[in-house]
Amino acid sequence: MGGPKPKEKPFVISKWVVKDAYEKVKANQGAAGVDGESIAKFEEDLQANLYKLWNRLSSGTYFPPPVRAVEIPKKAGGVRTLGVPTVADRVAQTVVRMYLEPDVEPFFHPDSYGYRPGRSALDAVGQCRKRCWKFDWVIDLDLRAFFDSIDHDLLLRAVSKHTDLRWVLLYVKRWLQAPLQREDGTTVARDRGTPQGSAISPLLANLFLHYAFDRFMAREFPASPFERYADDAVVHCESEAEACLVLAALSERMAQVGLELHPDKTRIVYCKDADRRGSFEHERFNFLGYTFRPRLSKNKHGKHFVNFSPAVSDDARKAISREIRSWHIVRRSDKDLSDLARMFNPIVQGWINYYGRFYKSWLYPVLRHINDGLVRWAMRKYKRLRGHPRRAKGWLASVARRDPRLFAHWKLVRPDGWAMGAG
């Protein structure tokens, strides 16, 4: 009587999840993909765009467009290729992640920290510090080109173990196969790997390494604990002989699953401290922006001793210094101090929160560059201070005494040379 009934969709996907996924994508911002459509442009016809996406996902007719390749220079030379999906594709990936994540998350290893709810890189660094005090040796693991090397068949097998939603598997497969589009418009077909930068790739990477690494370690070497953050991992061992054994087994295991340990960057490290004698080739390693090495510390009775501890790495300090230089504080004489504080405090507070968690005094020298910049800024802005660095420094110190919370870093290093005790 009332005309033909609309056909049922083959896949049941909630419109509310699609809307939620869009809110998550919007909160993360991000650049436009190959279609050049920004989040603002997508939002101009939001309801129609989300409905069209939901309709295609539910009917099995959604095919992801190519992923825009963006090359980011690596600190150690070379480039890392990031994949930037379109806004609609990021929403689609987030929908799948929201359905898949609750099914896989309970199975993940407690020492896997990367891109997991309620876990952070600092949790991994803290756990690593405790274990370096307990175990004498560490294997500092580096997987060569991990995101470019993931075996698609093995990954799809892992996904299928954790979901009975056919559409989740279907779209994961399509994303893995979506070509990369270079800046010159040419496309590159992919038969392995998942591009860094997509909404789904951190979850897929964790799932792959759950089977390739975490479960292997738990089964074969339960007495050698580890911390893993995405493809960055540290394994703890009682002796050098044990470390050699574990490393050989891991080399073999990685080859089985299509991965390779970087021969120059993977190394066995001695966690040297006051009680651990002898000298070895490697006595330091980097993990998540921190350098672990022997350091002079003070105990609660004020006595100095050497322990094996993390502090902000040299690479991180160089990156912070570069960032501070890029602000060109001295040229901003159109601004007043409170403007500068508003501009820089969120960034500086982020550094303090992350790199100041362990051995924060190693952050002080680099934060002093901000004070140096402010002194030069004051000399340029105020005639009476021109050519008088000591007077300008004294003026800035008096501001810091009056308003010690104006700049985020002043709680650690003030312009009068005051610095908080070692961290």
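Residues numbered from 1 in each chain as written. Predicted model: local features only at pLDDT ≥ 70, side-chain atom pairs only at ≥ 80, totals over all residues. Heavy atoms only, no water.

S.K.: Mind showing me how you'd approach helix 14 (residues 389-402) here?
M.R.: Since there are 3.6 residues in each turn of an α-helix, residues three or four apart along the chain are aligned in direction. Over its 14 residues, helix 14 runs 20 Å from end to end, which matches the ideal 20 Å to within 8%, given 1.5 Å per residue. Ala392, Trp395, Leu396, Ala397, Val399 and Ala400 are the residues of helix 14 that are buried. As for helix 14, its buried residues are in contact with helix 12 (337-355) and helix 13 (364-381). (Helix = DSSP H or I, 4+ residues; strand = E, 2+ residues; numbered from the N terminus. Expected span 1.5 Å × (residues − 1). Buried < 20%, exposed > 50% of the residue type's maximum accessible area, 1.4 Å probe, protein only. Contact = heavy atoms within 4.5 Å.)

S.K.: Would you take a moment to explain the pairing of strand 6 (residues 226-229) for this structure?
M.R.: Look at any regular strand and the pattern is simple: side chains alternate between the two faces of the sheet. Burial along strand 6 is two-sided: Phe226 and Arg228 facing one way and Glu227 and Tyr229 facing the other are all buried. Summarising the sheet, strand 6 and strand 7 (residues 232-237) pair through 4 bridges and their orientation is antiparallel. Bridge pairing in strand 7 places Glu227 opposite Val234. Taken together, strand 6 and the strand that follows it, strand 7, pair antiparallel across an intervening segment of 2 residues, in which Ala230 is found at a positive phi of about 55°. (Pairing = 2+ DSSP bridges.)

S.K.: I would appreciate a short explanation of the environment of Val235 in the present structure.
M.R.: Position of Val235 among the secondary structure elements: in strand 7. Judged by relative accessible area, Val235 falls into the buried class, the value being 0%.

S.K.: Sorry if this is basic, but what is going on with the pattern of salt bridges here?
M.R.: Two side chains bearing opposite charge may form a pair once their charged atoms approach each other closely. By the definition in use, this model includes 12 salt bridges. With a closest N to O distance of 3.1 Å, Glu43 and Lys26 form a salt bridge. On the criterion of sequence distance, the pair formed by Glu43 in helix 2 (residues 39-44) and Lys26 in helix 1 (residues 15-28) is long-range, its members being 17 residues apart. Note that Glu220 is salt-bridged to Arg219, the shortest N-O span being 3.4 Å. Since its relative accessible area comes to 42%, Glu220 is described here as partly exposed. Bridged by salt links that share partners, the residues Asp111, Arg131 and Glu227 form one connected network. (Salt bridge = Lys/Arg side-chain N within 4 Å of Asp/Glu carboxyl O.)

S.K.: Is there a simple way to think about helix 5 (residues 121-134) in this case?
M.R.: Taking 1.5 Å as the rise per residue, helix 5 with 14 residues should run 20 Å; its terminal C-alpha atoms sit 20 Å apart, in good agreement. All buried positions along helix 5 are accounted for by Ala121, Leu122, Ala124, Val125, Gly126, Cys128, Arg131 and Cys132. Its side-chain oxygen placed 3.3 Å from the backbone nitrogen of Leu122, Ser120 serves as the N-cap of helix 5. (Polar contact = N/O pair within 3.5 Å; in protein donor to acceptor, adjacent residues only side chain to side chain.)

S.K.: So what exactly am I meant to see when it comes to unusual backbone geometry here?
M.R.: Comment: phi is negative for the bulk of residues other than glycine, and the bulk of peptide bonds are trans. A positive phi angle, near 55°, is found at Leu288, a position not held by glycine. Within the secondary structure, Leu288 is located in the loop between strand 9 (285-287) and strand 10 (290-298). Although it is not a glycine, His328 adopts a positive phi angle of roughly 50°. Its location among the elements puts His328 in the loop between helix 11 (314-326) and helix 12. For His328, a relative accessible area of 36% gives the class partly exposed.

S.K.: Honestly, the nonpolar core in this entry has me stumped. Any pointers?
M.R.: Most often, soluble globular proteins have nonpolar side chains that are buried together. Of all hydrophobic cores here, the largest spans 67 residues; its most connected members are Ile139, Leu141, Phe146, Phe213, Met217, Val235 and Leu250. Residue contributions to this core peak at 11 residues, all from helix 9 (residues 201-220). Ignoring anything within four residues of it in the chain, the contact list for Phe146 reads Ala205, Phe208, Leu209, Asp231 and Leu259. Within the second largest apolar cluster, 56 residues are counted, among which are Cys128, Ala230, Phe308 and Phe358. (Core = buried A, V, L, I, M, F, W, Y, C linked by side-chain atoms within 4.5 Å.)

S.K.: Would you mind showing me how to read the side chain of His409 here?
M.R.: Along the polypeptide, His409 turns up in the segment after helix 14. Among the residues examined, His409 registers a relative accessible area of 1% and is labelled buried. Excluding its chain neighbours within four sequence positions, the residues that come into contact with His409 are Val348, Ile352, Leu367, Ile370 and Asn371.

S.K.: Would you explain the environment of Ala311 in this entry?
M.R.: Looking at the element boundaries, Ala311 is found in strand 11 (residues 304-312). Judged by relative accessible area, Ala311 falls into the buried class, the value being 0%. Taking C-alpha positions, Ala311 is 6.4 Å from Trp362, a pair spaced 51 residues apart along the chain.

S.K.: Would you take a moment to explain the sheet that holds strand 7 for this structure?
M.R.: Strand pairing in a sheet relies on backbone hydrogen bonds. The paired strands run either parallel or antiparallel. Pairing in this open sheet of 4 strands is antiparallel, and the strands run 6-7-3-8 from one edge to the other. The outermost strands of the open sheet, each flanked by one partner alone, are strand 6 and strand 8 (267-270). Sheet twist, expressed as the average angle between the axes of neighbouring strands with direction ignored, equals 20°. Most of the contacts of helix 5 go to strand 6, to which it runs at about 160°, and overall it touches strand 3 (137-142), strand 6 and strand 7. Strands in contact with helix 9 are strand 3, strand 6 and strand 7; relative to strand 6, the strand with the most contacts, it is inclined by about 170°. (Axes fitted to C-alpha atoms, helices over the stretch in contact; angles between N-to-C directions.)

S.K.: Is there a simple way to think about the packing of helix 9 against helix 10 (residues 240-256) in this case?
M.R.: The relative placement of two packed helices is expressed as an angle between their axes plus a distance between the axes. Between helix 9 and helix 10, the shortest axis-to-axis distance is 11 Å and the interhelical angle comes to 150°. On the basis of their axis angle, the class for helix 9 and helix 10 is roughly antiparallel. When you trace helix 9 past helix 10, the crossing you get is right-handed. Residue-level inspection shows Tyr211, Ala212, Phe213, Phe216 and Met217 of helix 9 in contact with helix 10, the latter providing Val246, Ala249, Leu250, Arg253 and Met254. Broken down by class, the residue content of the contact of helix 9 with helix 10 amounts to 9 nonpolar, no polar and 1 charged. (Parallel < 35°, antiparallel > 145°, perpendicular 65-115°, else oblique. Left-handed = near helix turned anticlockwise from the far one by under 90°. Nonpolar A, V, L, I, M, F, W, Y, C, P; charged D, E, K, R; others polar.)

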